[in-house]
Amino acid sequence: MTVPEFQRQKEKGKKLVVVTAYDALFARIVEQAGIEAILVGDSLGVVVQGKQDTLSVTMEDMIYHTRLVAGAREQTLVIADMPFMSYQISVEEAVRNAGRLIQAGAGAVKLEGGIPMIDRVQALTRVGIPVMGHIGMTPQSVNQYGGYKVQGRDENHAEALLADARALEAAGAFSLVLEAMPADLAKTITQAASIPTIGIGAGPDCDGQVLVLYDLLGLFDDFTPKFVKPYAHLKADALQALRRFKEEVECQKFPSDLESYH
Ligand code: KIV
């Protein structure tokens, strides 16, 4: 899956499916499932590193996880998140840091923000780095919002988000993540944009959907937003397996003859 192929899916009316992954094992599983793109999300700060938010994720963290994912997959498009403070300071820093993610194996980068980030998006696309935009509830602005809150509920804010989407497309973004916004607004943006919109908490009318892998597998349950649907319950399965292992070691049922060398 290349960036132009990813974009063509919108013309074909085929829904795009994106999930996050942070390591080689899950990257291979995601690819086997036929998912179109893997996002190496800075959500790794929460689900892998155990932090409260994504703000402490560094470029080194993103490069390390992007290498693991990109080295394991064969066909799937890899999109790497630009972490907090890797692109906000200047256009030059944005280009340098995006370039490092591409050198680590990503096929595209994602950054958060609308009109204020237009010069970054233009500069990156000018040097051949495809950019996915991200608007709505952008987790790197959690302190400004005072929590993870749905965005674009009032008319003025909804219009501002539509303007952000239009500006990002005009600047060269190849796709847009729409996060935590009313479904009607996401539908309006999707109809107005000729690039694919990928929703997360943005209703059914986006051109595709993305979820954090550990949420959809039921591995991470510290905090479950309304928009998450667990398709498996791997944390419960893991707990059951570990408890059984402990029990069997304690009562000397494991290892048996079957697991022993003679
Ligand atoms: O970091 C991430 O995983 C994301 C998705 C939730 C869109 O940005």
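### Here we look at the pairing of strand β7 (residues 197–200)
The side-chain alternation of β7 yields two buried faces, one formed by Thr-197 and Gly-199 and the other by Ile-198 and Ile-200. As paired elements, strand β6 (residues 175–179) and β7 share four bridges and run parallel to each other. Counterpart to Glu-179 in the pairing with β7 is Ile-200. In this view, the connection linking β6 to its parallel neighbour β7 by way of helix α9 (residues 183–192) has right-handed handedness. Pairing between β7 and strand β8 (residues 208–211): two bridges, direction parallel. Looking at β8, one finds that Gly-199 is bridged to Gln-209.

### Digging into the packing of helix α6 (residues 118–126) against helix α8 (residues 155–171)
When two helices pack together, their arrangement is given by the angle between the helix axes and the distance between those axes. Where α6 contacts α8, the axes come no closer than 8 Å and their chain directions differ by 25°. Considering the angle they form, α6 stands roughly parallel to α8. For the crossing formed where α6 meets α8, the hand is right-handed. In contact with Ile-118, Val-121, Gln-122 and Thr-125 of α6, α8 contributes Ala-167, Leu-168 and Ala-171.

### Considerations on the nonpolar core
Residues Phe-6, Leu-178, Met-181 and Ile-189 are the most contacted members of the largest nonpolar core, which totals 75 residues. For this core, the element with the highest residue contribution is α8, accounting for six residues. What Met-181 contacts, discounting residues up to four positions off in sequence, is Ile-135, Gly-136, Val-150, Gln-151, Leu-161, Ala-186, Ile-189, Gly-201 and Ala-202.

### A short note on the site of the ligand
With respect to spatial proximity, the complete set of residues near the ligand consists of Thr-20, Leu-39, Gly-41, Asp-42, Ser-43, Asp-81, Lys-110, His-134, Ile-200 and Val-212. Contacts to the ligand include Asp-42, whose side-chain N or O atom sits 3.0 Å from an oxygen atom. A class-by-class count of the residues in the shell around the ligand yields three nonpolar, four polar and three charged.

### Things to note about the packing of helix α2 (residues 24–32) against helix α4 (residues 59–72)
Running from amino to carboxyl end, α2 crosses α4 at an angle of 40°, the nearest separation of the two axes being 8 Å. If you check the angle between α2 and α4, you find them oblique. Between α2 and α4 the crossing geometry is right-handed. Within the contact between the two elements, α2 uses Ala-24, Ala-27 and Arg-28 and α4 uses Leu-68, Val-69 and Ala-72. The residue makeup of the contact of α2 with α4, split by class, is five nonpolar, no polar and one charged.

### Quick word on the domain arrangement of the chain
What the domain assignment reports for the chain is domain 1 (3–231) and domain 2 (233–262). If you average the C-alpha positions of domain 1 and of domain 2, the two centres end up 39 Å apart.

### Some thoughts on the environment of Glu-36
Within the secondary structure layout, Glu-36 lies in the loop between α2 and β2 (37–40). In this structure the C-alpha to C-alpha distance between Glu-36 and Thr-76, which are 40 residues apart in sequence, comes to 5.9 Å. With near-sequence residues (within four places) excluded, Glu-36 lies in contact with Met-1, Lys-14, Lys-15, Leu-16, Val-17, Thr-76 and Leu-77. Separated by 2.7 Å, the side chains of Glu-36 and Lys-14 make a polar contact. A distance of 2.8 Å separates the side chain of Glu-36 from the backbone nitrogen of Val-17, its partner in a polar contact.

### Re the side chain of Glu-112
Here Glu-112 is to be found in the loop between β4 (108–110) and α6. This buried residue, Glu-112, is left without a salt bridge; Lys-110 holds the nearest opposite charge, at 4.6 Å. Only 2.8 Å separates the side chain of Glu-112 from the backbone nitrogen of Gln-140, close enough to count as a polar contact. Residues contacting Glu-112, with those up to four places away along its chain left out, are Asp-42, Tyr-87, Met-117, His-134, Thr-138, Pro-139, Gln-140 and Ser-141.

### Some thoughts on α8
Relative to the 24 Å expected for 17 residues at 1.5 Å per residue, α8 spans 24 Å between its end C-alpha atoms, a close match to the ideal helical length. Within α8, the full set of buried residues consists of Ala-158, Leu-161, Leu-162, Asp-164, Ala-165, Leu-168 and Ala-171. In this structure, the buried side of α8 is in contact with α6, β5 (131–136), β6 and α9. You can read the cap of α8 off the contacts: a side-chain oxygen lies 3.2 Å from the backbone nitrogen of Asn-156, and it is on Asp-154. Where α8 ends, the next residue or the one after it, Gly-172, has phi of about 115°, a positive value.

Rules and cut-offs
- Residues numbered from 1 in each chain as written.
- Predicted model: local features only at pLDDT ≥ 70, side-chain atom pairs only at ≥ 80, totals over all residues.
- Heavy atoms only, no water.
- Buried < 20%, exposed > 50% of the residue type's maximum accessible area, 1.4 Å probe, protein only.
- Helix = DSSP H or I, 4+ residues; strand = E, 2+ residues; numbered from the N terminus.
- Pairing = 2+ DSSP bridges.
- Right-handed = clockwise from strand over helix to strand, strands pointing away.
- Axes fitted to C-alpha atoms, helices over the stretch in contact; angles between N-to-C directions.
- Parallel < 35°, antiparallel > 145°, perpendicular 65-115°, else oblique.
- Left-handed = near helix turned anticlockwise from the far one by under 90°.
- Contact = heavy atoms within 4.5 Å.
- Core = buried A, V, L, I, M, F, W, Y, C linked by side-chain atoms within 4.5 Å.
- Near = heavy atom within 4 Å.
- Polar contact = N/O pair within 3.5 Å; in protein donor to acceptor, adjacent residues only side chain to side chain.
- Nonpolar A, V, L, I, M, F, W, Y, C, P; charged D, E, K, R; others polar.
- Domains from an automatic or database assignment.
- Lys, Arg positive; Asp, Glu negative; His and termini not counted.
- Salt bridge = Lys/Arg side-chain N within 4 Å of Asp/Glu carboxyl O.
- Expected span 1.5 Å × (residues − 1).

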